[in-house]
Amino acid sequence: MNTLGGHRKPVERVKVLLGAVGLLALLGAVVGIGQVLRHPDRPTGVPEEQLEGADPRDDINCPDPLPREGEPRDVNRGSSSVVDVSSNNLYDCPQSYDGQRVRFRGEVVGALLHRETGVWIQLNDDVYAELIGPLPAHRDYRGGNAGVGVMLPTQLAEQIDFVGGPQTRGDVIEVEGTFHRVDPSDEVAVIRADTARLTTSGEPFPDPVQTDRLVAAFLAVLLSGGMVVAERVVARQR
Amino acid sequence: MLFRPDRRDFTLIGFYTGKVIFGIGLAMCVPAVMALVLGEYNDFASFLLGASLAIAVGRASELFLFTKEPLSTSHGLATVALSWTVAPIFAGLPLLLSGHYASYLDAYFEAMSGFATIGLSLANDLDHMSRSVNMWRHLMQFIGGQGIIVVVLTIFASAGGRIGYLYTGEGREEKILPNVIRTSRFIWRVALSYAVMGTTALWLSLLHAGLDPAGALYHGANLFMAAFDTGGFATQSSSVAFYRSSLVEIVLLPIMTAGGFSFALHYQLWMGRRNELARNIETRTIAASMLVMFAIMVVGLGRTGTFTDVGVMMRHSFFQLVSAHTTTGLATVPGRMYVTDWGVLAPAVLVSAMGLGGMAGSTAGGIKAMRVGLILKGLVRDVRKVLLPEDAIVVETFHSSTRRLLTDTQVRAAATVLLLWLVLYLGGGLIGLFYGYELQLALFESTAAASSGGLSVGLVRPDLEWPLKIVYIAQMMIGRLEFIAVFALLGYVLAIVRGRV
């Protein structure tokens, strides 16, 4: 590898190794600071067997088997009886539940989107919704969120007080309605609900101030301030 | 023959890497202010901590490694690769401290995904994430899309042309203006102009979708950064589907497309040369590719019977195709349903679109339309040579800002890099197969990671095997830097071990 012109004096390998160790130590220190200052590990008290999540390698067992591509699909147009479903059921087997009357329960998250025809809500039925509660109140990491979009009549949406988001646990509501692979409003994989009942009220959940983190940040500001001043002083002298 | 690096080599690389880390530290002050204003005090402390450490390291390199020596190409490339390796460690610190990432590896993955504008996420419980941390995820895309080095070039312009080699090390070959500093500032001017227009348009469309004004601004600004920088992060786990709004999608389409355009093309358009759109080899290649792929996608979705209404099928399939081809990764359909409800042909089109990618010198990833266009032109020229008399001279040209002669060297270089990309896609796919994932899933996710496509079928998730996380991180970085910078850094390592004195 060519370097600059003039006399070259390669750095001894030992010194290079020491330098690399030093760099790794610096980066390791940043990682270590992060590990030390993380949120406390508070137990959620929920048994492990209730928290098993889906794996993309798991076999999908749909009520109606999927035909080969190109073959006519016998899409279920639904019976009048209500079926309890999860978001995994609906996304794994959308053809099986298309047009089916379903019952779905989840936490309201994000925002209520008021339209002329009703209110769009996002209902999450993942483990954070009803079982272990939202992060960062604990350190039980169970993956991403899972949920379904639901169109609610405006008057049914009025019972929603809390919408899940930062430091807020949303209301958990149970809806009944028809699942559509493609809704009449052209949205994909949503439930058009005609009944809804509040099962658990939401609430703000506090994120207590981590004093050790504030102290560490203050010390880091002093350090960086010192480095900036030192660098400026030396730069003026150059 | 490799020579062992000397002290000046290490000083140069360390000095300029320190500048990049300093820049990242300054950027972290933005979400720090936001966290303070919103009362997210733990996140405020996290950003203050991360910013201070990065600034301290940056100033330390200025203090102890100061040099006025000029950069060579190899120094620039190695600096870029080292910067991209180190920056996510500092950028990932506030992510880890947010409480939404299971490990530092996950936080590092997220930061790399942000800077490389991939859009794959390992966030746990995104829907309860604080706004400042969510904004930092999107800001990383904005910074990374323009180029971390471009940020440095813009801020530290006094270093002048000496740092020009950093610009090309970050996968940018075209200098739009004679001076790289002016080029970098032009890139920022375009980005900020689009930011104002795009955020305003999104804000209005999100108001129409039912959000309140403050929420619409927050979502709009973040959506813009995700779309223009073809990043694909979203503030909600359901991505663009959350808004249930065709108007929002319509506004996003030109923003994503603008992100897929090269900044050289933006310059031509900025100067009023609109006919460049029709004459440019890359726009022509992408237009042809989109046409063919859209047709195949429509056939595929028609066979599966996923959509019964043509208009609805057009809406969702076209959005997904543009999102994939520009390597943005925003979605209006749950990712799992690509596998369970879109058959085989349509997802294959999405994988191909991500793999091909956008224009060279844009925020998009993938093989790039320029290379595909050059190879196709080369093929046409070779066919003509065969058909014409032996002593005929065949000349092929292409248009990219100006008319240029097509040379064997260009075609060969394009083909070589295309081969490297295919190896990258297939390599990641093979490792996915090793862990028991189906071919369709493994290849989809590998291509998404390497091409910065970002659409996901659910394979990338927080409980993904850690070796696969490392593989995808490597793919993201190699894909974003387009191989050469990474090879340069590895070359320095090899030179240390085996180089001659």
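Residues numbered from 1 in each chain as written. Chains lettered and ligands numbered in written order. Predicted model: local features only at pLDDT ≥ 70, side-chain atom pairs only at ≥ 80, totals over all residues.

1. Remarks on the overall build of chain A
Reasoning step 1: In terms of helices and strands, chain A carries six helices and eight strands.
Reasoning step 2: For chain A, the sequential pattern of α-helices and β-strands runs α-β-α-α-β-β-α-β-α-β-β-β-β-α.
Reasoning step 3: Residues counted as buried form 37% of the 238 residues belonging to chain A.
Reasoning step 4: For chain A, long-range pairs separated by at least 24 residues make up 62% of all intrachain contacts whose partners lie at least 6 apart in sequence. (Helix = DSSP H or I, 4+ residues; strand = E, 2+ residues; numbered from the N terminus. Buried ≥ 20, exposed ≤ 12 C-beta atoms within 10 Å, placed from the backbone. Contact = placed C-beta atoms within 7 Å.)

2. Observations concerning the interface of chain A and chain B
Reasoning step 1: At the interface, 75 residues of chain A touch 89 residues of chain B.
Reasoning step 2: For the side of chain A that touches chain B, the element with the most residues is helix 6 (residues 211–237) of chain A, which contributes 13 residues.
Reasoning step 3: Residue composition of the side of chain A that touches chain B, grouped by class: 38 nonpolar, 21 polar and 16 charged. (Nonpolar A, V, L, I, M, F, W, Y, C, P; charged D, E, K, R; others polar.)

3. A short note on helix 4 (residues 104–115) of chain B
All names here are of chain B.
Reasoning step 1: End to end, helix 4 covers 16 Å across 12 residues, agreeing with the expected 16 Å (1.5 Å per residue, within 8%).
Reasoning step 2: The element helix 4 is extensively covered by neighbouring structure, given that 10 of its 12 residues are classed as buried.
Reasoning step 3: Along helix 4, the residues classified as buried are Asp106, Ala107, Tyr108, Phe109, Glu110, Ala111, Met112, Ser113, Gly114 and Phe115.
Reasoning step 4: One or two positions beyond helix 4, positive phi appears at threonine 117, with a value near 50 degrees. (Expected span 1.5 Å × (residues − 1).)

4. Some details on the confidence of the model for chain B
Reasoning step 1: Mean pLDDT over chain B works out to 89, with 93% of the residues at or above the 70 mark.
Reasoning step 2: Contacts for the low-pLDDT stretch residues 157–161 of chain B, under 50 throughout, to residues beyond four places or in other chains number three contacts. (pLDDT = per-residue confidence, 0-100.)

5. Points about the environment of B:Ser362
Residues and elements named next belong to chain B.
Reasoning step 1: Positionally, serine 362 belongs in the loop between helix 16 (345–356) and helix 17 (369–387).
Reasoning step 2: Serine 362 gets classed as buried once you count the C-beta atoms within 10 Å, which come to 27.
Reasoning step 3: When the C-alpha positions of serine 362 and serine 238 are compared, they lie 26 Å apart, and in sequence the two are 124 residues distant.
Reasoning step 4: In contact with serine 362, not counting residues within four places along its chain, are Gly259, Gly260, Phe261, Ser262 and Phe263.

6. With respect to helix 1 (residues 13–36) of chain A
Reasoning step 1: A rise of 1.5 Å per residue sets the reference length of helix 1 of chain A, with its 24 residues, at 34 Å; its end C-alpha atoms lie 34 Å apart and thus fit the reference within 8%.
Reasoning step 2: Counting buried positions along helix 1 of chain A gives two out of 24 residues, so the element sits mostly on the surface.

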